[in-house]
Amino acid sequence: MESSRYYFYDVCNSSMHINDSIEHCIMRVKCIVSYDGKDYNGYQRQKHDKNTIQEVIENVLSYIFKEKITIYGSGRTDKHVHAIGQVFHFESNKNVPLV
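For the structure given in this document, a descriptive report is provided here. As the structure is a prediction and not an experimental result, all values here were calculated from the model.

**Re the packing of aromatic side chains**
Under the defined criterion, the tally for this structure stands at one aromatic pair. Residues Phe 65 and Phe 90 carry aromatic rings whose centres are separated by 5.5 Å and whose planes lie at 65 degrees to one another, so their mutual orientation is edge-to-face. Placement of Phe 65 in helix H1 (residues 53-65) and of Phe 90 in strand S4 (residues 83-92) is noted, with a sequence separation of 25 residues between them. Pair check on accessibility: Phe 65 and Phe 90 agree, each one buried. One cation-aromatic arrangement involves Lys 66 over Tyr 63; the distance from NZ or CZ to the ring centre is 4.5 Å.

**Looking at a nonpolar patch on the surface**
A contiguous nonpolar patch, built from Val 60, Tyr 63 and Ile 64 and spanning about 340 Å² of accessible area, is present on the exposed surface. Within the secondary structure layout, Ile 64 lies in helix H1. For Ile 64, a relative accessible area of 53% gives the class exposed.

**Description of the pattern of salt bridges**
Two side chains with opposite charge may pair up if their charged atoms get near one another. Within the structure shown, the criterion is met by three salt bridges. Linking Glu 91 and Arg 28 is a salt bridge whose minimum nitrogen-to-oxygen distance equals 2.4 Å. Residue Glu 91 is located in strand S4, and its partner Arg 28 is located in strand S2 (residues 20-35); the two are separated by 63 residues in the primary sequence.

**Description of the environment of Ile 53**
Within the element layout of this structure, Ile 53 appears in helix H1. Once the C-alpha coordinates of Ile 53 and Tyr 40 are considered, the two residues, 13 residues apart in sequence, prove to be 6.6 Å apart.

**Focus: the side chain of Ser 92**
Within the secondary structure, Ser 92 sits in strand S4. You can call Ser 92 buried: its relative accessible area is 2%. Within the local environment of Ser 92, its side chain forms a polar contact with the side chain of Glu 67, the two groups lying 2.4 Å apart. Once you skip the residues sitting within four places of it in the chain, Ser 92 turns out to touch Ile 26, Met 27, Phe 65, Glu 67 and Ile 69.

Parameters at a glance
- Counting restarts for each chain: residues are numbered from 1 in the order of the written sequence.
- Selection of residues for local features in this predicted model requires a pLDDT of at least 70, selection of side-chain atom pairs for listing and counting requires 80 or more, and totals for whole chains, interfaces and linings are taken over all residues.
- Only heavy atoms go into the side-chain values, all of them from the structure, while hydrogens and water stay out.
- Between 30 and 60 degrees the pair is tilted, below 30 it is stacked and above 60 it is edge-to-face, where a pair is any two Phe, Tyr or Trp rings, Trp via its six-membered ring, whose centres lie within 6.5 Å.
- Helix and strand definitions here come from DSSP, where helices need a minimum of 4 consecutive H or I residues and strands a minimum of 2 consecutive E residues; each element is numbered from the N-terminal end.
- Exposure is judged per residue with a 1.4 Å probe applied to protein chains only, and the accessible area is read against the type maximum: over 50% gives exposed, under 20% gives buried, and values in between give partly exposed.
- By definition here, charges over rings are those cases where NZ of Lys or CZ of Arg is within 6 Å of the ring centre and within 35 degrees of the ring normal.
- Excluding any residue in a salt bridge, patches collect residues exceeding 30% relative accessible area, merging like charges within 9 Å and nonpolar Val, Leu, Ile, Met, Phe, Trp and Tyr side chains within 5 Å.
- Only the protein chains shown count as covering a residue, and every accessible area follows the Shrake-Rupley method with a 1.4 Å probe.
- When a carboxyl oxygen of Asp or Glu lies within 4 Å of a side-chain nitrogen of Lys or Arg, that pair is called a salt bridge.
- Here a polar contact is taken to be a pair of N or O atoms separated by no more than 3.5 Å, where protein atoms must pair a possible hydrogen donor with a possible acceptor and residues adjacent in sequence count only if both atoms sit in side chains.
- What makes two residues a contact is simply this: any of their non-hydrogen atoms within 4.5 Å.

Here is the structure:
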């Protein structure tokens, strides 16, 4: 991967539980990445093709956050195609430190 930028948004929803009120917050993270796609089979995760950009990013984020992460891209690239400024977002129940 070439470079990345991250933007953080709190998406909080109040939900009622039996006998108490708990505020549940989900962190929505906007990411902007650039990559050299020559060694990848495109952006979008595929059932039959491995080694896609989406698969690699989701695996790394899932490892970091210790939960299954699904990313939602604003677009996609074909096999062996590069990208500059590709945008995606994901949500997590964990707080993301602003570094």
